[in-house]
Amino acid sequence: MSDEQERNSAFNAAANINVQHAQLQDLSLSAARRLYKGGIRPGDRIRTRMQAQEMLDKIPPSQRAGIDSKSTDVNTQKYLSDKHASHIKPHSKGGSNDPKNIKWENAKDNLARGDKPMTSQEQMRLDAKWHFDNLTGAVKAGVKVAPLGAAIGVATTAPFSLLTNALRVVRGEISAQEAAIETLKDTVKGGTVGGVTAFVTTTVAAACPPIAIALTAAAPVLAVVGTAGMVYEFFKILDDHKKTVKIYYESLTQQELERLQAIENELIYEHHKNLEFLSEAEAINQEITNRPIAPGIEGAMQRLHESVAIAKSLGLTSADSKLLGSSQLPHLFTEQ
């Protein structure tokens, strides 16, 4: 799997992540009522819109997050379903209904405390619980969207991996079976990158509203980058294939030239050997032709000895002529 495929999988997965946090105007009437009137005794003045927004902000961000306004409202109501707006300083002790004096707490714990002030240990416990709820809600949101990210990663990776490995098969680099295995590996990697990207991005965005806002604003840019990356990768695959094929054929041409040059060198070598042989043969022929010829049998025997010596110098043996045998010359003298 190439770096381009990993980046495209990550960009496309991130571009398709949509995390919203509940806004006061998006909540249903029942959920908004809890924010305006939670913890307020009958006859007391309800909270202002700004104070209701503060009450909403006291809910862990991931517990009021969703993919749209409807899901954010559902998640907010689910979180508040077993909660009370607990006073840090109770009404009986002069505590106000201001959000600064309120913490969302499990109803049974609030009822068990009665009209006692909330201790610092209890406040610390609720603060820790707030962070824990925010983390668990964020992780749940990430797990929920991870399959979508994996699917996007697969869709981003598989076609290009298939094209790349198919061209490798055409070039004879790998077999069809090996191409299928490589494509499967790349697809799994692409799905993993997409799933992990979706999980991490959603988890962080759900836990941190500013990140979610930034992600929503950047989504069109991420989509453009991801699409542009896929287009670039497509043409890069084709260009790499073209270059590889060109290099391959150039290497074939070079090999052919080297083979022809080797043949030519061999022919030149053989030609030089032939020229040397002809030159030597000409010299020997001249030596034989220009020998002084003595008269009579003695002169003939002398020429025979010289001819035998010349023949042996040329590598001839008795297999080429019976006159070259070591026993032939005495026999000729006897017959004479």
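Residues numbered from 1 in each chain as written. Predicted model: local features only at pLDDT ≥ 70, side-chain atom pairs only at ≥ 80, totals over all residues. Heavy atoms only, no water.

Trainee: If you had to explain the overall build of the protein to someone new, which residues and values would you point to?
Mentor: Scanning the protein from N- to C-terminus turns up ten helices and four strands. For the protein, the sequential pattern of α-helices and β-strands runs α-β-α-α-β-α-β-β-α-α-α-α-α-α. Out of the 336 residues belonging to the protein, those deemed buried represent 32%. Taking the intrachain contacts of the protein between residues at least 6 apart in sequence as the baseline, contacts between residues at least 24 apart amount to 67%. Of the roughly 20,700 Å² of accessible surface on the protein, 62% is carried by carbon and sulfur atoms. (Helix = DSSP H or I, 4+ residues; strand = E, 2+ residues; numbered from the N terminus. Buried < 20%, exposed > 50% of the residue type's maximum accessible area, 1.4 Å probe, protein only. Contact = heavy atoms within 4.5 Å. Areas by Shrake-Rupley, 256 points an atom, 1.4 Å probe, with all protein chains shown as cover.)

Trainee: Account for the pattern of salt bridges, naming residues and giving values.
Mentor: For the structure shown, the criterion picks out eleven salt bridges. One salt bridge connects D82 with K83, and the closest N-O pair in it is separated by 2.9 Å. Under the relative-accessibility criterion, K83 is labelled buried at 9%. Overlapping salt bridges, with partners in common, bring together E105, R113, E122 and R125 in one network. (Salt bridge = Lys/Arg side-chain N within 4 Å of Asp/Glu carboxyl O.)

Trainee: Tell me what's going on with the confidence of the model for the protein, and back it up with residues and numbers.
Mentor: Summary statistics for the protein give a mean pLDDT of 84 and a share of 89% for residues scoring 70 or more. Counting interchain partners and residues more than four positions distant, the pLDDT-below-50 stretch residues 330-336 has five contacts. (pLDDT = per-residue confidence, 0-100.)

Trainee: Tell me about helix α4 (residues 69-80), and please be specific about residues and values.
Mentor: In a regular helix each residue adds 1.5 Å, so twelve residues correspond to 16 Å; α4 covers 17 Å between its end C-alpha atoms and thus fits that length. Of the residues making up α4, those classed as buried are S71, T72, D73, T76, Y79 and L80. (Expected span 1.5 Å × (residues − 1).)

Trainee: Requested: an account of the pairing of strand β4 (residues 102-106), with residues and values cited.
Mentor: Within a regular strand, side chains alternate between the sheet's two faces. For β4, a buried count of four out of five residues is recorded, marking the element as mostly surrounded by other parts of the structure. Relative to β4, strand β3 (residues 83-87) runs antiparallel, the two sharing five bridges. Paired with A85 across the bridge in β4 is W104. (Pairing = 2+ DSSP bridges.)

Trainee: So what's going on with helix α6 (residues 120-170)? Which residues, and what values?
Mentor: Here α6 is 51 residues long and its end C-alpha atoms lie 73 Å apart, about the 75 Å a rise of 1.5 Å per residue gives. V145 marks the point of greatest bend in α6, at about 35°, and the proline P147 comes within the next four residues. Two residues or fewer past α6, G172 is found with a positive phi of approximately 80°. (Bend = angle between axes of the 7 residues up to and from the residue.)

Trainee: Residue-level account of a nonpolar patch on the surface, with values.
Mentor: Nonpolar side chains collect at one region of the surface, where V196, V200, V204 and I211 lie side by side and expose about 300 Å² of accessible area between them. Of the residues forming the nonpolar patch, the biggest block, three residues, is contributed by helix α7 (residues 176-207). Among the secondary structure elements, V200 is positioned in helix α7. Taking relative accessible area as the criterion, V200 reaches 43% and is therefore assigned partly exposed. (Patch = residues over 30% accessible without salt bridge, like charges linked within 9 Å, V, L, I, M, F, W, Y side chains within 5 Å.)

Trainee: How would you sum up the packing of aromatic side chains? Please name residues and give values.
Mentor: Here the structure, examined in full by the defined rule, presents zero aromatic pairs. The cationic tip of K83 hangs over the ring face of Y79; the distance from NZ or CZ to the ring centre is 4.2 Å. (Phe/Tyr/Trp six-rings, centres within 6.5 Å; stacked < 30°, edge-to-face > 60°. Lys NZ or Arg CZ within 6 Å of the ring centre and 35° of its normal.)

Trainee: Describe in detail the nonpolar core, supporting the description with residues and values.
Mentor: If you look at the biggest cluster of nonpolar residues, it comprises 16 residues, and the most contacted ones within it are L27, L35 and W104. Mapped onto this core, the elements with two or more residues apiece are α2 (29-37), α3 (49-57), α4 and β4. Residue contributions to this core peak at four residues, all from α2. Leave out the neighbours within four places in its chain, and W104 touches R34, L35, M55, K58, I59, L80, K83, H84, A85 and L126. In terms of nonpolar packing, the next biggest core, distinct from the first, is built from 13 residues, A65, V145, A205 and L222 among them. (Core = buried A, V, L, I, M, F, W, Y, C linked by side-chain atoms within 4.5 Å.)

Trainee: Which residues make up the environment of V170, and what values go with them?
Mentor: Looking at where V170 falls in the secondary structure, it is placed in helix α6. Residue classification places V170 among the exposed positions, given a relative accessible area of 64%. Distance in space between the C-alpha atoms of V170 and H241 is 9.8 Å, their sequence separation being 71 residues.

Trainee: I'd like a rundown of the side chain of H87, residues and numbers included.
Mentor: By the element assignment, H87 lies in strand β3. Within the structure, H87 has its side chain in polar contact with the side chain of N97 (distance 3.0 Å). Not counting residues within four places of it along the chain, the set of residues in contact with H87 comprises G39, S96, N97, N101, I102 and M118. (Polar contact = N/O pair within 3.5 Å; in protein donor to acceptor, adjacent residues only side chain to side chain.)

Trainee: Tell me about the packing of helix α1 (residues 3-15) against α6, and please be specific about residues and values.
Mentor: At their nearest, the axes of α1 and α6 sit 9 Å apart, and the two run at 145° to each other. In terms of crossing hand, the pair formed by α1 and α6 is right-handed. Each of Q5, N8, S9, N12 and A13 in α1 lies in contact with α6, whose residues at this interface are G149, I152, G153, T156, T157, F160 and S161. When its residues are assigned to classes, the contact of α1 with α6 shows three nonpolar, nine polar and no charged. (Axes fitted to C-alpha atoms, helices over the stretch in contact; angles between N-to-C directions. Left-handed = near helix turned anticlockwise from the far one by under 90°. Nonpolar A, V, L, I, M, F, W, Y, C, P; charged D, E, K, R; others polar.)

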